[in-house]
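Chain residues, written in single-letter form:
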Amino acid sequence: MAKFDIIAATGCPTGIAHTFMAKEALEKAAAERGLTIKVETHGQVGVENELTKSEIAGAKAVVVAADKDVQAERFAGKPMVSVGVSKALSVEAAGKLIDRALAAKGDDTVAAAADVEDEVEEKESIGHIIYKHLMNGVSHMLVFVVAGGVLTAVSFLWGITSFDSTAADYNSFAAMLKIIGGIAMNLMVPVLSAYIAESIGKRPALVPGFVAGMIAIQGLPVNADTHMIDAGGTGVGFGFLGGIVGGFLAGYVILLLEKVFAGLPKNLDGLKAIFLYPLFSTAIVGLVMLGISGPMAAINTAMMDFLKGLSASGAVVLGLAIGCMCAFDMGGPVNKAAYVTGTAMLTEALAAGVGTDTYNFGTNFMAAVSAACIVPPLITTFAVIVGKKYFSQEDHDAGVVNLILGCTHITEGAIPFMTKNIWPVMPIMMLGSSIASILTIMFNVHDPAPHGGFLVLPVVENGPLWVLAILIGAVVGGILFVAFKKYDFEKSQKAAPAAPAKPVEAPKAAAVEAPKAEAADFVKVENVFVAENFASRDEALSFVSNQAVKAGVADDADAVMNAFLAREAEGSTGMMEGFAIPHAKSDAITDAAVIVVKDDSGVTGWDTMDGAPVNVAIALLIPGAQAGTTHLKILSKVAEALMDEGFRATVKGSTDAAEIAKTINARLV
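Residues numbered from 1 in each chain as written. Predicted model: local features only at pLDDT ≥ 70, side-chain atom pairs only at ≥ 80, totals over all residues. Heavy atoms only, no water.

Digging into the overall build of the protein
- Each helix and strand counted, the protein has 24 helices and 10 strands in total.
- Residues counted as buried form 51% of the 669 residues belonging to the protein.
- Restricting the contact set of the protein to residue pairs at least 6 apart, pairs at least 24 apart contribute 71%.
- By element, 64% of the accessible surface of the protein is carried by carbon and sulfur atoms, the whole surface being about 28500 Å². (Helix = DSSP H or I, 4+ residues; strand = E, 2+ residues; numbered from the N terminus. Buried < 20%, exposed > 50% of the residue type's maximum accessible area, 1.4 Å probe, protein only. Contact = heavy atoms within 4.5 Å. Areas by Shrake-Rupley, 256 points an atom, 1.4 Å probe, with all protein chains shown as cover.)

Following this line, the structure appears as structure tokens:
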């Protein structure tokens, strides 16, 4: 049986994007460190790449990056880090998690380098524990909502009242679809409640969890004539808020009962599981839920009235709130809060029936939420096509793929673009989503399906106007995104000082010859730049790429930049104590060269071994033909020099370009 240095489990509420983005980031980060890893994913199709008991036992450390229950108790006793899935979406972040997990086993040299903030996060916060339990319920609930909502929406294709046997447009098949869809939608709250409970109290909590969810739907039955509690009476349900409360109540009641019955003999464990737990937990949870049904119904009504009040304030106010929430973290907790609210209102809308005010408001709200979720990926698609020269090839390819993700209501594809430049990309995304939401409300669009993107267009009322609203939001956001990238690109070019033109007499053949190591001026003074100020790693690499062309050692800045980014994608070139050794191998580079840039304030976002920002980047530019010779020779000498404290102190502390060039040249001999 294969053994792994690191084992991990990832899972997000929807199990569509974040789960597998985190898996890929963890695998790349482990490869950078020369570690073997196996990542178990908890997606919508279930558990994949499942960890075995022997693999768990043989692992050095465990990383859990999940917003749902992944049975972390399996890893009891192992060095472990447990965080939300959003903290493992980049190679840089995943690498830090792996380092923290390894540090947890007591390696003082690794632990000393751990960031203080990370050490504080070592213990899972109460907030994340609660969120994880909640998202376990949401992830199980969403599939019922999507299946039931889409089937219900499809039934409307035969007519708005085609399910009604007394209506002129009645169709028996449409009626059956409506029945099936309605049953699935009605299971939303019980499933939400049950799987919140299951995340807390495991399997025994499912029974009281389902009961709590059913009570949340039905409320406390009261006889209309006697006004007394009556099993045959009717009650007022208190919706998904009640399901959330019931789920947590059921889970913690089971934990309480486990303590109460802990003193019973071991041979009565079977009796506890099949009789004591379900009986007492159901009775306790049921009585509490019925007891709080009045206040909970009032809270639920107040929340719905508040949202309708936002609508009464105008489409701009409501659309702005929806758009900002959906684009704030693109699939994270804020986005999910907006989406779950939309599905809850859609459930009430479909139950109220077509033509009612509740139906009109709920389906309009759902259309606005869907529009806001679709826009961010489409913004990136527009931007990489219109402003292709300002993006790396990797970003361009990802942006094109986002066309498919966006059209199918998967917002997460825009996350990598936002994480590179949170400001101003996040506000741009929020603005684009808000425009789409506002226009959707103004255009009176109604979407009876909770998911599917443009695939559900046939059932969307005023569908063409909905598409128009989304396209307007995407285009406005895309134009602003391109404008930002253009500004960022031109700023890098202007920051590069003019350099002597490449001598025309230099023979082209020299480009394929390895430079002589004994050449004392391999690092030229004019290729050393001090007192620079870069906003990000990519800005620094863009500066170097453009400077390489100005210095005459390369003929295509974009190709050089792509080569740098390709290398960073394989593994960060950040070292320790503020140093990085980025290197590009490309046929666009005509002469091997070293370009040095210094930023005393530190370049953030560059993954380094000690987590410190980069102050000095010693960039190696190697012609493609010399990839296996010059590249390795120079890289090994620079890496060796960085082990010398005196070398690091001189290069990092000096503001004299000539001194820095001389110091590096001396180590290349």
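Topic: the nonpolar core
- I6, L26, V63, I98, W466, I470 and F481 are the most contacted members of the largest nonpolar core, which totals 60 residues.
- By residue number, the principal contributor to this core is helix α15 (residues 357-386), which donates 8 residues.
- Apart from residues no more than four positions distant in its own chain, I6 is found in contact with L35, T36, I37, K38, A61, V63, I98 and L102.
- Grouped together as the second largest cluster of nonpolar side chains are 57 residues, Y277, L318, V340 and I441 included. (Core = buried A, V, L, I, M, F, W, Y, C linked by side-chain atoms within 4.5 Å.)

Here we look at the pairing of strand β1 (residues 6-11)
- Counting buried residues along β1, 6 of its 6 residues qualify, which places the element largely inside the surrounding structure.
- With burial as the criterion, each face of β1 is covered, one bearing I6, A8 and T10 and the other bearing I7, A9 and G11.
- As judged from the 6 bridges shared by β1 and strand β2 (residues 37-43), these two strands associate in the parallel manner. Bridge pairing in β2 links I6 to I37.
- Both β1 and strand β4 (residues 61-66) contribute to a ladder of 6 bridges, which runs parallel. Of the residues in β4, the one forming a bridge with A9 is V64. (Pairing = 2+ DSSP bridges.)

Digging into the packing of helix α10 (residues 239-260) against helix α12 (residues 293-312)
- Remark: α10 packs on α12, axes separated minimally by 8 Å, with the N-to-C direction vectors making an angle of 135°. When the axis of α10 is compared with that of α12, the two are oblique. Seen from above, α10 lies across α12 with right-handed handedness. Here G239, F240, L241, G242 and V245 of α10 come into contact with α12, specifically with M296, I299, N300 and M303.
- Grouping the constituent residues of the contact of α10 with α12 by class yields 6 nonpolar, 3 polar and no charged. (Axes fitted to C-alpha atoms, helices over the stretch in contact; angles between N-to-C directions. Parallel < 35°, antiparallel > 145°, perpendicular 65-115°, else oblique. Left-handed = near helix turned anticlockwise from the far one by under 90°. Nonpolar A, V, L, I, M, F, W, Y, C, P; charged D, E, K, R; others polar.)

Details of the sheet that holds strand β3 (residues 46-48)
- The 5 strands are arranged β3-β2-β1-β4-β5 in an open sheet whose pairing can be described as mixed. Across the chains shown, the open sheet's two edge strands, defined by having one partner strand only, are β3 and β5 (80-83). Strand-to-strand twist in this sheet, taken as the mean axis angle between neighbours without regard to direction, amounts to 10°.
- On top of the sheet, helix α1 (residues 18-32) reaches β1, β2, β3 and β4; it is set at about 175° to β2, its chief contact.
- Contacting β1, β4 and β5, helix α3 (residues 91-103) runs over the sheet at an angle of about 140° to β4.

Structural notes on helix α16 (residues 393-407)
- If you check α16, its first and last C-alpha atoms are 22 Å apart, about what 15 residues at 1.5 Å a residue would give, namely 21 Å.
- Maximal helix bending in α16 amounts to about 30°, located at V401.
- Every buried residue belonging to α16 is among D395, H396, G399, N402 and G406, and all of these are buried.
- As for α16, its buried residues are in contact with α15 and α17 (415-420).
- For α16, the N-terminal cap is S392; the gap from its side-chain oxygen to the backbone nitrogen of D395 is 3.1 Å.
- Just downstream of α16 lies H409, where phi reads positive at about 70°. (Expected span 1.5 Å × (residues − 1). Bend = angle between axes of the 7 residues up to and from the residue. Polar contact = N/O pair within 3.5 Å; in protein donor to acceptor, adjacent residues only side chain to side chain.)

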